[in-house]
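# A look at the structure
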Amino acid sequence: WAVSYAPAEPAWGWIHLLFPLALVWWAFAFTRRHAAHTQPVAAWVLLSQLTLVLPSLAMGAWGSLLQQDQLPAALRTSTAAWTAYGLCLFWTLLSLWRITQSLHRWRPMHALLPLGVTGLLFLQSIWLNTSAWAAVATDPSERPVLELRQEVFFRQEALLQEAIDAVVDRPADGARVFGLVYAPYAQDVFLRESAMVTEQIEKRLGGEGRVIRLMNHAGSTDSLPWATPHNLRRSIEALGTRMDRERDILVIYLTSHGGRDHRLASSHWPLTVDDLGAAELRRWLDEAGIRFRAVAVSACYSGGWIDPLKNENTLVMTAADKDHTSYGCGSDSDLTFFGKAVFQEQLAHTDSLEAAFTAAVPLIRSREEQAGKDDGFSNPQISVGEGFRSQWQRRERSRGAT
């Protein structure tokens, strides 16, 4: 559970500064003859606080833009966050070194004091947030935290096998729809979207009992297998053995953040999950012998998935072209604009993925304009092979006949 730390005593508002201040006072008190200022401690504290304004504003702006989903996908990764944190830390160290240099004549202190103060602040940020400082749950609906224990890994292995074993393999007169939903980024919007798309594939497209849902979210750890490339590949292999490869259709829905490198971002801390590329997905589908495929990619810059995946027997639709971001994947979003328009709304009126996409595009454009999207229209893309189109139409006719 996420926790906040209430003041256990009146000193809480400034307790985190007590030890660094004590270190600064001690350093100047015991090397007083080397001081280059009449009030070195007061001067050091004042100047250090002024130098911290810039990194504080920078990190505050970063957090605000991240919360509002206005950062490019490349800057929403943990690597980017740690890089930004490292730059701010470097700025702080450099500034404290320069301040100490101007207020103290003893050269070893120029490095020892900045390193000591910065180290104390870093250690306190870890220690205080994991100690018993009146920790209280902020809200019962707060997102749970993934805990990696041996039991979790055993449970996950069982969940994947259960999901595979649950796939219904009853023969049918016409082409059957199978489904695979993959949401590798541990964020609430993708949890909701993966559930919605799974339901639509089952109920609207006739895939009930034949859909595997892979999800990274701490809240689904005990109920859904993880969305990892390994699990995705195993699921594709398993579905390939249950499908009639000459007529059944696999509908794959991928939802996450995307980068300019056209890879689907994965995040499930503290679990390390590799990002996913179109070439890997194409290879696994080919190896499984799955002929007819519909792949929908809801992510920024997802148009880069079109060329690697398209062929005569494949439909590929993406939430954006290869040069633009999509919208609706922020922390406060209910569903992505693409998922909501195509799968929730337009599939309510048609069984055709192609028709649902065509009807959804103007809705997405309108909503992006209303939301103030300032980096250009996402410009969703679609590629439909003639072999896929013919097979989907035969499927629709056989469903209509029954």
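Here, the structure is the one placed above.
For every chain, the first residue of the written sequence is number 1, and numbering continues from 1 along that sequence. This being a predicted model, a pLDDT of at least 70 is required before a residue's local features are given, and a value of 80 or more before pairs of side-chain atoms are given or counted; all residues contribute to the totals for chains, interfaces and linings. Only hydrogens and water are set aside; all other atoms, that is, all heavy atoms of the structure, feed into the side-chain values.

### Focus on the pairing of strand β4 (residues 211–215)
Formally: For every residue, the accessible area (1.4 Å probe, protein chains only) is compared with the maximum for its type, and the residue is labelled buried under 20%, exposed over 50%, or partly exposed between those bounds. Helix and strand definitions follow DSSP, with helices as H or I runs of at least four residues and strands as E runs of at least two, each counted in order from the N terminus. Strands qualify as paired when DSSP identifies two bridges or more between them. Handedness rule for crossovers: strands pointing away from the viewer, path from the first strand over the helix to the second running clockwise, crossover right-handed.
The buried fraction of β4 amounts to five of the five residues, a majority that puts the element mostly inside the structure. Judged by which residues are buried, β4 turns out to be covered on both faces: V211, R213 and M215 on one side and I212 and L214 on the other are all buried. Alignment of strand β3 (residues 177–183) against β4, held across five bridges, turns out to be parallel. Looking at the pairing, V181 lines up with R213 of β4. A crossover connection joins β3 to the parallel β4 through helix α7 (residues 188–203); in handedness this β-α-β unit is right-handed.

### Considerations on the side chain of R242
As a reminder, the rule being used: Here a polar contact is recorded for every N or O atom pair within 3.5 Å, except that within protein the pair must consist of a potential hydrogen donor and a potential acceptor, and residues adjacent in sequence are included only if both atoms are side-chain atoms. Contact criterion: two residues are considered in contact whenever any of their non-hydrogen atoms come within 4.5 Å of each other.
Among the secondary structure elements, R242 is positioned in helix α8 (residues 229–242). Within polar-contact distance, the side chain of R242 engages the side chain of T241 at 3.4 Å. Beyond its immediate sequence surroundings of up to four residues, R242 is in contact with I164, D165, V167, D169, R176 and F178.

### Quick notes on the environment of L159
Mapped onto the elements, L159 comes out in helix α6 (residues 150–165). Residues L159 and P225, 66 residues apart in the sequence, show an inter-C-alpha distance of 5.4 Å. The contacts of L159, once residues within four sequence positions are left out, are T221, D222, S223, L224 and P225.

### As for the sheet that holds strand β9 (residues 314–318)
What counts, and what does not: Orientation is described by axes fitted as lines to C-alpha atoms, over the contacting stretch for helices, and by angles from 0 to 180 degrees between their N-to-C directions.
The sheet built from six strands is open, its strands ordered β4-β3-β5-β8-β9-β10 with mixed pairing. Looking at strand neighbours, the two that pair on one side only are β4 and β10 (381–384), the edges of this open sheet. Averaged over all pairs of adjacent strands, the angle between strand axes in this sheet comes to 10°, irrespective of strand direction. Relative to strand β5 (residues 249–255), β3 is paired through six bridges, and the arrangement is parallel. Bridge pairing links V181 to Y253 in β5. The sheet contacts of α7 involve β3, β4, β5 and β8 (292–298), and relative to β4 the element is tilted by about 175°. Along the sheet face, helix α12 (residues 353–371) touches β5, β8, β9 and β10 and points at about 20° away from the line of β9.

### A few points about the pairing of β5
Along any regular strand, the residues point their side chains to alternate faces of the sheet. Counting buried positions along β5 gives seven out of seven residues, so the element sits mostly inside the fold. Here β5 shows two buried faces, one formed by I249, V251, Y253 and T255 and the other by L250, I252 and L254. The pairing of β5 with β8 spans seven bridges and is classified as parallel. What sits directly across from V251, in β8, is A294.

### Regarding the packing of aromatic side chains
Rule in force here: Stacked, edge-to-face and tilted labels apply to pairs of Phe, Tyr and Trp rings (six-membered ring for Trp) whose centres lie within 6.5 Å, assigned for plane angles under 30 degrees, over 60, and everything in between, in that order. When the NZ atom of lysine or the CZ atom of arginine is within 6 Å of a ring's centre and also within 35 degrees of its normal, the charge is said to sit over that ring.
The full count for this structure, using the stated rule, is five aromatic pairs. Arranged with centres 4.9 Å apart and planes meeting at 70°, the rings of Y253 and F343 form a pair that is edge-to-face. Taken together, the positions of Y253 in strand β5 and F343 in helix α11 (residues 337–345) put the pair 90 residues apart, joining distant regions of the chain. Neither residue differs from the other here; Y253 and F343 are each classed as buried. In this arrangement the basic side chain of R365 is found over the ring face of F377, its NZ or CZ atom lying 3.9 Å from the centre.

### Some remarks on α8
In plain terms, the rule: Between the first and last residue of a helix there are one fewer steps than residues, each counted as 1.5 Å, and that sum is the expected span.
Between its first and last C-alpha atoms α8 spans 20 Å; for 14 residues at 1.5 Å apiece the expected length is 20 Å, and the two agree. Here α8 lies mainly inside the structure; ten of its 14 residues are buried. Residues of α8 that are buried include every one of P229, N231, L232, R234, S235, I236, A238, L239, G240 and R242, and no others. Buried residues belonging to α8 abut α6, β3, β4, β5, β7 (276–277) and α9 (278–288).

### As for the packing of α11 against α12
Threshold: Roughly parallel means an angle under 35 degrees; roughly antiparallel means over 145; roughly perpendicular covers 65 to 115; every other angle is labelled oblique. In this scheme the handedness of a crossing depends on how the near helix is turned from the far one: anticlockwise by less than a right angle means left-handed, clockwise means right-handed. Note that Gly is not counted as nonpolar here; it falls among the polar residues with everything else outside the nonpolar set of Ala, Val, Leu, Ile, Met, Phe, Trp, Tyr, Cys and Pro and the charged set of Asp, Glu, Lys and Arg.
Two elements in contact, α11 and α12, have axes whose closest approach is 8 Å; the angle formed by their N-to-C orientations is 140°. Considering their axes alone, α11 and α12 lie oblique with respect to each other. Where α11 crosses over α12, the handedness of that crossing is right-handed. Contacts between α11 and α12 involve F337, F338, K340, A341, V342, F343 and E345 from the former and L353, A356, F357, A360, L363, I364, R367, E368 and A371 from the latter. Taken together, the residues of the contact of α11 with α12 sort by class into twelve nonpolar, no polar and four charged.

### What about the packing of α8 against α9?
It is the contact of α8 with α9, at a shortest axis distance of 9 Å, that shows an interaxial angle of 25°. As summarised for this structure, α8 and α9 are arranged roughly parallel, according to the angle between their axes. Here α8 runs over α9; the crossing is right-handed. Residues P229, L232, R233, I236, E237 and G240 of α8 form the contact with α9, whose own contacting residues are L281, W284, L285, E287 and A288. In the contact of α8 with α9, the residues fall into seven nonpolar, one polar and three charged.

### As for the pattern of salt bridges
What counts is decided by this rule: The salt bridge criterion pairs a side-chain nitrogen of Lys or Arg with a carboxyl oxygen of Asp or Glu, the two atoms within 4 Å.
Within the structure shown, the criterion is met by 21 salt bridges. With a closest N to O distance of 3.2 Å, E147 and R149 form a salt bridge. Here R149 falls in the partly exposed class, since its relative accessible area comes to 42%. When the shortest N-O distance is used, the salt bridge between E345 and K340 registers 3.9 Å. Members of the salt-bridge network, linked through shared partners, are E147, R149 and E151.

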